[in-house]
Amino acid sequence: MSDATDGDPLVGVRDLQKYYYEQDTLVDRLLGRERRAVKAVDGVSFDIQRGETLGLVGESGCGKSTTGETLLRLREATGGRVEFDGRPVFGMDDGELREFRRRAQIVFQDPYSSLDPRMTVGDVVTEPLKVHDLPADPGDASKRQRRRERARELLERVGLSAGQVDRYPHEFSGGQRQRIGIARALALEPEFVLLDEPVSALDVSVQAQILNLLEDLQAELGLTYLFIAHDLSVVRHICDRVAVMYLGEIVETGPTDELFEDPQHPYTRALLESVPRAKVAEHGRRVEALSGDVPSPRDPPSGCRFRTRCPQVIPPGHLRLDQREYRAVMDLRDRLERGEVSVAGVRETAGIDPDAGRGATVDALHDELVGIDLSGEDATVVEDALGAVVDGRQDEAIEDLRERYESVCETTSPVLQDRDRPAACHLYEQPVDASDAASDGATADAEAD
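Remember, it's a predicted structure, so these values are computed and weren't measured experimentally.

Participant: Could you clarify how one ought to interpret the packing of aromatic side chains in this entry?
Facilitator: As enumerated under the stated definition, the model contains 6 aromatic pairs in all. Each ring, one from phenylalanine 84 and one from phenylalanine 100, has its centre 5.2 Å from the other, and the planes form 75°; the classification is edge-to-face. Note that phenylalanine 84 is positioned in strand β4 (residues 79-84) and phenylalanine 100 in helix α3 (residues 94-103), a separation of 16 residues in sequence. You'll find phenylalanine 84 and phenylalanine 100 in the same group, each marked buried. Taking NZ or CZ as reference, lysine 18 lies 5.0 Å from the ring centre of tyrosine 20, over its face.

Participant: Whenever I open this one, the sheet that holds strand β7 (residues 192-196) confuses me. Can you help?
Facilitator: Strand-to-strand pairing in sheets goes through backbone hydrogen bonds, with the strands running parallel or antiparallel. The mixed open sheet is built from 6 strands, whose spatial order is β6-β7-β8-β3-β9-β10. Two strands in the sheet have a free side with no partner beyond their single neighbour: β6 (104-107) and β10 (249-255). In this sheet, neighbouring strand axes are inclined to one another by 20° on average, regardless of whether the strands run parallel or antiparallel. Examined bridge by bridge, β7 and strand β8 (residues 224-229) share 5 bridges and lie parallel to one another.

Participant: Where do I start with the packing of helix α6 (residues 174-186) against helix α7 (residues 204-221) in this structure?
Facilitator: Any two packed helices are characterised by how steeply their axes cross, that is the angle between the axes, and by the distance between the axes. The geometry of α6 relative to α7 is characterised by a closest axis approach of 10 Å and an angle of 20° between their N-to-C directions. On the basis of their axis angle, the class for α6 and α7 is roughly parallel. Every pair of crossing elements has a handedness; the one defined by α6 and α7 is right-handed. Contacts from Gly175, Arg179, Ile182 and Leu186 in α6 reach Val206, Gln209, Ile210, Leu213, Leu214, Leu217 and Leu221 in α7. Its residues assigned to classes, the contact of α6 with α7 comprises 8 nonpolar, 2 polar and 1 charged.

Participant: I tried to follow the nonpolar core on my own but got confused; where do I start?
Facilitator: One recurring pattern in soluble globular proteins is that nonpolar side chains are buried together. Formed by 85 residues in total, the largest nonpolar core has its most connected members in Ile180, Ile182, Phe227 and Tyr405. Not counting residues within four places of it along the chain, the set of residues in contact with isoleucine 180 comprises Leu115, Val121, Val124, Val125, Leu155, Leu160 and Phe172. Among the nonpolar cores identified, the runner-up in size contains 29 residues, and Leu54, Phe100, Phe192 and Met245 belong to it.

Participant: Whenever I open this one, helix α4 (residues 121-131) confuses me. Can you help?
Facilitator: Structural remark: α-helix, 3.6 residues per turn; residues separated by three or four positions point the same way. Among all positions of α4, only Val121, Gly122, Val124, Val125, Thr126, Pro128 and Leu129 are buried. Where α4 is buried, its residues contact α5 (143-157) and α6. Note on α4: the residue one or two positions beyond its end, aspartate 133, has a positive phi of about 55°.

Participant: How do you make sense of unusual backbone geometry when you look at a structure like this?
Facilitator: Most of the time, phi is negative for any residue but glycine, and the peptide bond is trans. The omega torsion across leucine 134 and proline 135 is 0°, close enough to zero to call that bond cis. Among the secondary structure elements, proline 135 is positioned in the loop between α4 and α5. Its identity as a non-glycine residue notwithstanding, aspartate 15 has a phi of 50°, on the positive side. Mapped onto the elements of the fold, aspartate 15 is located in strand β1 (residues 11-22). The phi torsion at arginine 73 lies on the positive side, around 65°, for a residue other than glycine.

Participant: When you look at the pairing of β1 in this model, what are you seeing that I'm missing?
Facilitator: Along any regular strand the residues' side chains alternate between the sheet's two faces. Relative to strand β2 (residues 36-48), β1 is paired through 10 bridges, and the arrangement is antiparallel. Across the sheet, tyrosine 19 pairs through a bridge with lysine 39, a residue of β2. Sheet analysis places β1 next to β4, joined by 5 bridges and oriented antiparallel. Bridge pairing in β4 places glycine 12 opposite glutamate 83.

Participant: Sorry if this is basic, but what is going on with helix α13 (residues 358-369) here?
Facilitator: Under the 1.5 Å per step criterion, the end-to-end length of α13 is 16 Å for 12 residues, consistent within 8% with the ideal 16 Å. Taken together, the buried positions of α13 are Thr361, Val362, Ala364, Leu365, His366 and Leu369. The elements touched by buried residues of α13 are α11 (323-337), α12 (343-350) and α14 (376-390). Two residues or fewer past α13, glycine 371 is found with a positive phi of approximately 80°.

Participant: Looking at this model, I keep getting lost on the confidence of the model for the protein chain. Mind explaining?
Facilitator: Do not read the fine detail of predicted coordinates wherever pLDDT is low. Scored by pLDDT, the protein chain has a mean of 88; 90% of the residues are at 70 or more. Scored below 50 in pLDDT, residues 431-449 makes 1 contact in the model with residues more than four places away or belonging to other chains.

Participant: Help me out: how do you make sense of the packing of α11 against helix α15 (residues 394-405) in this one?
Facilitator: Orientation of α11 relative to α15, taken along the N-to-C sense of each, is 145°, at an axis distance of 10 Å. Crossing angle aside, the handedness with which α11 passes α15 is left-handed. In this structure, α11 uses Tyr326, Val329, Met330, Leu332, Arg333, Leu336 and Glu337 to contact α15, whose residues at the interface are Gln394, Ile398, Leu401, Arg402 and Tyr405. Classifying every residue of the contact of α11 with α15 by side-chain character gives 8 nonpolar, 1 polar and 3 charged.

Conventions adopted
Residues numbered from 1 in each chain as written. Predicted model: local features only at pLDDT ≥ 70, side-chain atom pairs only at ≥ 80, totals over all residues. Heavy atoms only, no water. Phe/Tyr/Trp six-rings, centres within 6.5 Å; stacked < 30°, edge-to-face > 60°. Helix = DSSP H or I, 4+ residues; strand = E, 2+ residues; numbered from the N terminus. Buried < 20%, exposed > 50% of the residue type's maximum accessible area, 1.4 Å probe, protein only. Lys NZ or Arg CZ within 6 Å of the ring centre and 35° of its normal. Pairing = 2+ DSSP bridges. Axes fitted to C-alpha atoms, helices over the stretch in contact; angles between N-to-C directions. Parallel < 35°, antiparallel > 145°, perpendicular 65-115°, else oblique. Left-handed = near helix turned anticlockwise from the far one by under 90°. Contact = heavy atoms within 4.5 Å. Nonpolar A, V, L, I, M, F, W, Y, C, P; charged D, E, K, R; others polar. Core = buried A, V, L, I, M, F, W, Y, C linked by side-chain atoms within 4.5 Å. Expected span 1.5 Å × (residues − 1). pLDDT = per-residue confidence, 0-100.

This is the structure we're talking about:
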């Protein structure tokens, strides 16, 4: 890790957006089809200080790699702003963009597909020099000779032999190929390097070697890294700060040690809970998986995008349901709204006789869609809603459930709170009940014991 200090960041990202559009062809427009946006990156903001490593983590498909590639203008942004050394990247002309590309490089995830198999590793490493017509003043030697010598130097710097300069990528292992990719990224002496999951395709023992190499190069050359990964143990080893992404948005940021020791966002807690632990006391520990699947960026949930899987969704103040009960009702309404409920299908699955009364179908729907017994007014509201579904009045059922159970988590999008540990979660906008605080404190004391 680096000893980065506060000041003007080398990289500043504000409200970055990258959307892909479906049904956007001329034929679609002629047929009157409405264009649909796939929001791969939706309003991401962060800074990277000079000499530090920022980790960008999250599940596969959350938009991490798209964020990095859009930041470098390998993909054109839909909206937002990126500044590099105080200059707006998206407004650069050809000359400025060429200079930016020299100062900012990338190491790709797959060491097998990112190297041209028809080129020697010497040609691979010197390709950036050819593109930028460097060195500008070769001196007594030709440019080709100087470039070849530069390739030999870089191969040795990343732990390979200069004598391997004329070999081809297929003659190297995965870890060696990734070293070649790193050497190529260093050819132009950049200040900033995007590391897009650089060790995820490698064996664990090789991962450690590559991570140590990256740390040594950072200390030696004063590099600044954006390290994209989904392996939290790797992130903890190399990153100074961490930004956690979920479905195109950043939900929490903070110094690495603080974030790992005291995660603020429920999603961050779930990610850390899933990390295997070597302590004997942790043997047999059951990992609680998140409920549901990751929603599609084509149709993300309203409000907080994590709410469909969150174990701490905030119920309306008048309810006295525990989280399991509230989640059951929320899931019921979500399925109704998505049109996933088939009364005929439930009747068939449950083996209900066609002549059976309405109550048998309501009971079957309850077993299939709710699965737990509620009490009091909540039991009555849910039963009435299921009855409305059986009677074909599904819209009425949805409206009744929304009126009683709608959460702030689904009506309002949370923003990163202005606090020491920013987290985009409505929990930090809610007053803490004294009894809840006492209960939480007792639980923490018991865990500490």
